[in-house]
Amino acid sequence: MRPKKDFEKHLSLIGELVELFRNEGFTVSGAVGVEGFHPPLELRNDGYGDQEDKSPDVYAYDEQHQRYVIGEAKTGARDFESEHSLTQYNVFLDQFHRINGQQALLYVIVPSSKVPEFSTLITHYLHPDYWSSIVLVSSKKWDE
């Protein structure tokens, strides 16, 4: 179980991501811990990491580009490289629009001071073919 401070930071980052998605014009259909939204449904794991289906923090749709947008908040408190997190990245990047085949975009928000650490992890862990489908967001509220 994560400490209360980390839990509160995580929820704050999710709220910030929902705000960003709305500003981008995405239609948010689910968000963890954000008033007015139900948590997103689990997404199917086709054989990655711990083999478990994963539920993102935010799920949205970009009507303009006809693609799904998945949001994940990471605090940097031992949650970048856990088996759960590594499986999440793969599962979320393995989502495609069933009609047009567009790969989902994965937005990951982290405290601003953690951007270099997360960026290094992603470039070493994920295949370069996936990099264009990841948007790393530097939190405007958290810099620790």
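I will try to describe carefully the structure that is included in this document. Since the structure is predicted, the reported quantities are computational estimates derived from the model, not experimental observations. (Residues numbered from 1 in each chain as written. Predicted model: local features only at pLDDT ≥ 70, side-chain atom pairs only at ≥ 80, totals over all residues. Heavy atoms only, no water.)

### Remarks on the overall build of the protein
Helix and strand counts for the protein come out as three helices and five strands. In the protein, the succession of helices and strands from N to C terminus is α-β-β-β-α-β-α-β. On C-alpha atoms alone, the protein measures out to a radius of gyration of 14 Å, which is about the 15 Å that the 2.2 N^0.38 rule sets for 144 residues. Seen through its C-alpha atoms, the protein measures out along the principal axes to roughly 40 × 35 × 25 Å. Looking at the protein as a whole, 45% of its 144 residues are labelled buried. Summed over its atoms, the accessible surface of the protein is roughly 8000 Å², and 50% of this surface lies on carbon and sulfur atoms. Here the protein contributes 14 positively and 23 negatively charged side chains, and the mean placements of these two sets differ by 4 Å. (Helix = DSSP H or I, 4+ residues; strand = E, 2+ residues; numbered from the N terminus. Rg over C-alpha atoms; globule rule 2.2 N^0.38 Å. Buried < 20%, exposed > 50% of the residue type's maximum accessible area, 1.4 Å probe, protein only. Areas by Shrake-Rupley, 256 points an atom, 1.4 Å probe, with all protein chains shown as cover. Lys, Arg positive; Asp, Glu negative; His and termini not counted. Charge placed at Lys NZ, Arg CZ, Asp CG, Glu CD.)

### A word on the pairing of strand β4 (residues 105-110)
Taking burial as the measure, the six residues of β4 include six buried ones, the bulk of the element. Burial along β4 is two-sided: Leu105, Tyr107 and Ile109 facing one way and Leu106, Val108 and Val110 facing the other are all buried. As paired strands, strand β3 (residues 67-73) and β4 are joined by five bridges and run parallel to one another. Across the sheet, Ile70 pairs through a bridge with Leu106, a residue of β4. Tracing the backbone out of β3, into helix α2 (residues 83-93) and back to the parallel element β4 gives a crossover that is right-handed. Assessed by its sense of winding, the connection that carries the chain from β4 through helix α3 (residues 115-125) to strand β5 (residues 134-138) is right-handed. (Pairing = 2+ DSSP bridges. Right-handed = clockwise from strand over helix to strand, strands pointing away.)

### Digging into α2
Counting buried positions over the 11 residues of α2 gives nine, a clear majority of the element. Considered for burial, the residues of α2 that qualify are Ser85, Leu86, Thr87, Gln88, Tyr89, Asn90, Val91, Phe92 and Leu93. Against β3, β4, α3 and β5 lie the buried residues of α2. (Contact = heavy atoms within 4.5 Å.)

### What to know about the nonpolar core
Among the nonpolar cores identified, the biggest contains 18 residues, and Leu17, Val18, Phe21, Val58, Val69 and Tyr107 are the most heavily contacted of them. Only α1 (4-24), β1 (27-31), β2 (58-62), β3 and β4 provide two or more residues apiece to this core. Sorting elements by how many residues they give to this core places α1 first, with five residues. Setting aside chain neighbours within four positions, we find Val58 in contact with Ile14, Leu17, Val18, Phe21, Val28, Gly30, Ala31, Pro40, Val69, Ile70 and Gly71. Core analysis: the second largest hydrophobic core is formed by 17 residues, Leu43, Leu93, Phe118 and Leu121 among them. (Core = buried A, V, L, I, M, F, W, Y, C linked by side-chain atoms within 4.5 Å.)

### Comments concerning the side chain of Asn45
For Asn45, the location among the structural elements is in the loop between β1 and β2. A polar side-chain atom of Asn45 sits 2.6 Å from the main-chain amide nitrogen of Tyr48. When near neighbours in sequence (up to four residues on either side) are disregarded, Asn45 contacts Asp50, Gln51, Glu52, Asp53, Thr87 and Val91. (Polar contact = N/O pair within 3.5 Å; in protein donor to acceptor, adjacent residues only side chain to side chain.)

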